[in-house]
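What follows is each chain in one-letter form.
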Amino acid sequence: MGFLESTVWKLFQSPPRDPFYEKSPKLLATPSSSTIAKFSLPSTSGSSSSSSSTSSLSSASSFWMSPTPSRWSPKKYLPSSVRNTVSKRQIVVLLCFFLAVVIWMAPPPSSWSRRVVHITVLDAPTNPYQLLRTNSPSKKKHAPDPLRWLEQNSNNKFAVSPSHNLLQSVPVYGQMSTKPRAALISLVRNSELPGLIQSMRQLEYQWNRKYQYPWVFFNDEPFSDEFKAATQNLTSAQCYYEVVPKEHWSLPDWIDEGRFMNSLEYLGAIGVGKGWMISYRHMCRWNSGFFYKHPRLKDFDWYWRVEPDVHFYCDIDYDVFRFMRDNKMKYGFNMNILDDARSFPSLWSRTRSFINAHPELIHPEADLDWLLDAHNSGDYNNCQFFSNFEVGDLNYFRGHANEKYFKWLDRGGGFYYERYGDAPIHTLSVAMFVPKSEIWYFRDIGYQHDINRHCPSQSSHRCSCEPTPIDENFYKLVPLESPQKKPDDTCIRQFLGGPWLKKNAGWSQEGERLFGGDGYHGYELTGLE
């Protein structure tokens, strides 16, 4: 018999005790007739006095000598048909079991402090997430509504605690109840540990400590014990440490090594960023077409790419992976900026030849117009989703269309004869094979990578950064010596379209440049509203 069961059993079996008995024995003693007579009122006759005394004694005795109340028994609350077939031991066991179930289902004490306190913030925006749509909500009957989803599922609704809460697995009407099969992934070297520690600390604090998604680290060589210990110490989630296969991190056999070495020398001489680094070419190729094929990721459907030495400035109070899955998104970004066109001079011509060879692969709702410069012969305007922050659907990248496009580019040698980057390749891929309604702009997540910083407006109540206009990082990656022509509108505005392209009355790009401006400050909306 367990401790709890035996304690309850003793309570049922022990006789009732009067708590005043030991403390006041004289008070509970039966009063004598002389004492009663002493305090009796005088009567008019002896007989009546005697009768009154006897009556008083009898009533007093009946009060003090009342029978002991019957012992409490749980059986008396059971139906008579059950009362004679269930023992007290069985009742106690059932009560203990019921109590254990209640304790198991109740949230742990550590989560009691997570109460939602509603505070009135003076600068709280009308839309707390500062989300920007590329178009109006779909009129399809069962089309997802991302903004409504955020309204209903924020306040860390799907946050998990260290101990499993049974109620979290209860299905919600209209939503999938299972947790997405997702991971945070990072391609990092042992020497980059200090930078990764910074990135992990901030993302864990702002988001993943509440959602407990696993981390998957990739390296072209085995991770050190120091790296493993330091990173595992930063999270309570599962960590995996993987080595990139040699065939995914080496020069393909169809590449001319002499031509490749000349490319390294040339791009380094003209100042293309990291154009002289062999490992950077391997990295761009792996991020473009191999990361989603790694065996460790075969059990995952979603990924969030995390780089060393980045900053996450804002508290994120919703499950980003659930948001992507429930709203049928394929790709998410938070910066859309220009890249240095000298890195990939043949990328658009190769892409255009792919479109001509495989027109059946282009999605019927694809929108490539925002990537083409009408004032520059309709060529690629070099806009890209800044891919060091990206949330994506692994099954999309594993799909036939994206895989065929990557192989088309890879066989052309652009990763080594030029310096194809994974950012413009991912951008062109999703633009060709995904409707724009399935690409999401995470305006609400504050982020910084090197000189490029993104911070949502009216967010001082949840972000530790100074708000930036949506055009803030438009051409920061393009060196002054680059001769490339910039498009008439910034990349993010071309992607968003609609009111984001409207200019102030009387403003002209040429006029602003005459007075020393860059020609991109005449918009009615700045993104700081």
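Residues numbered from 1 in each chain as written. Predicted model: local features only at pLDDT ≥ 70, side-chain atom pairs only at ≥ 80, totals over all residues. Heavy atoms only, no water.

**Q** Explanation requested: the packing of aromatic side chains in the structure shown.
**A** In this description, an aromatic ring pair is defined by two values, namely the gap between the centres and the angle between the planes. Per the counting criterion, the structure on display carries 52 aromatic pairs. Positioned above the aromatic ring of Tyr-213, the side-chain terminus of Lys-179 is 4.4 Å from the ring centre. (Phe/Tyr/Trp six-rings, centres within 6.5 Å; stacked < 30°, edge-to-face > 60°. Lys NZ or Arg CZ within 6 Å of the ring centre and 35° of its normal.)

**Q** Help me out: how do you make sense of unusual backbone geometry in this one?
**A** Outside of glycine, negative phi angles account for most residues, and trans bonds account for most peptide bonds. The residue Lys-328 is not glycine, and still its phi comes out positive at about 55 degrees. Assignment of secondary structure puts Lys-328 in the loop between α12 (320–326) and β6 (331–333). We note that Asn-382 has phi near 70 degrees; this positive angle belongs to a residue other than glycine. With respect to the helices and strands, the residue Asn-382 is situated in the loop between β9 (379–380) and β10 (383–385). (Helix = DSSP H or I, 4+ residues; strand = E, 2+ residues; numbered from the N terminus.)

**Q** Can you help me understand the packing of helix α13 (residues 347–357) against helix α15 (residues 400–411) in this one?
**A** Describing two packed helices takes the angle between their axes plus the distance from one axis to the other. At a minimum axis separation of 10 Å, α13 and α15 run at an interaxial angle of 130 degrees. Between α13 and α15, the angle is such that the two are oblique. When you trace α13 past α15, the crossing you get is right-handed. Of the residues in α15, those in contact with Leu-347, Arg-350, Thr-351, Ser-353, Phe-354 and Ala-357 of α13 are Ala-401, Lys-404, Tyr-405, Trp-408 and Leu-409. The residue inventory of the contact of α13 with α15, partitioned by class, reads seven nonpolar, two polar and two charged. (Axes fitted to C-alpha atoms, helices over the stretch in contact; angles between N-to-C directions. Parallel < 35°, antiparallel > 145°, perpendicular 65-115°, else oblique. Left-handed = near helix turned anticlockwise from the far one by under 90°. Contact = heavy atoms within 4.5 Å. Nonpolar A, V, L, I, M, F, W, Y, C, P; charged D, E, K, R; others polar.)

**Q** Looking at this structure, how should I read the packing of α15 against helix α17 (residues 422–433)?
**A** Two elements in contact, α15 and α17, have axes whose closest approach is 10 Å; the angle formed by their N-to-C orientations is 140 degrees. It follows from the interaxial angle that α15 and α17 lie oblique. Here the hand of the crossing between α15 and α17 comes out right-handed. Counted together, Ala-401, Asn-402, Tyr-405 and Leu-409 of α15 and Ile-425, Leu-428, Ser-429, Met-432 and Phe-433 of α17 form the full contact between these two elements. Here the contact of α15 with α17 is built from residues that sort into seven nonpolar, two polar and no charged.

**Q** I keep staring at the pairing of strand β11 (residues 390–393) and nothing clicks. Help me out?
**A** For a regular strand, side chains alternate in direction, first toward one face of the sheet and then toward the other. Alternating positions in β11 separate into two faces, Glu-390 and Gly-392 on one and Val-391 and Asp-393 on the other, with burial throughout. As paired elements, strand β4 (residues 302–305) and β11 share four bridges and run antiparallel to each other. Considered in β11, the bridge of Arg-305 is made with Glu-390. By the bridge criterion, two bridges tie β6 to β11 in an arrangement that is antiparallel. Note on β11: the bridge partner recorded for Gly-332 is Val-391. (Buried < 20%, exposed > 50% of the residue type's maximum accessible area, 1.4 Å probe, protein only. Pairing = 2+ DSSP bridges.)

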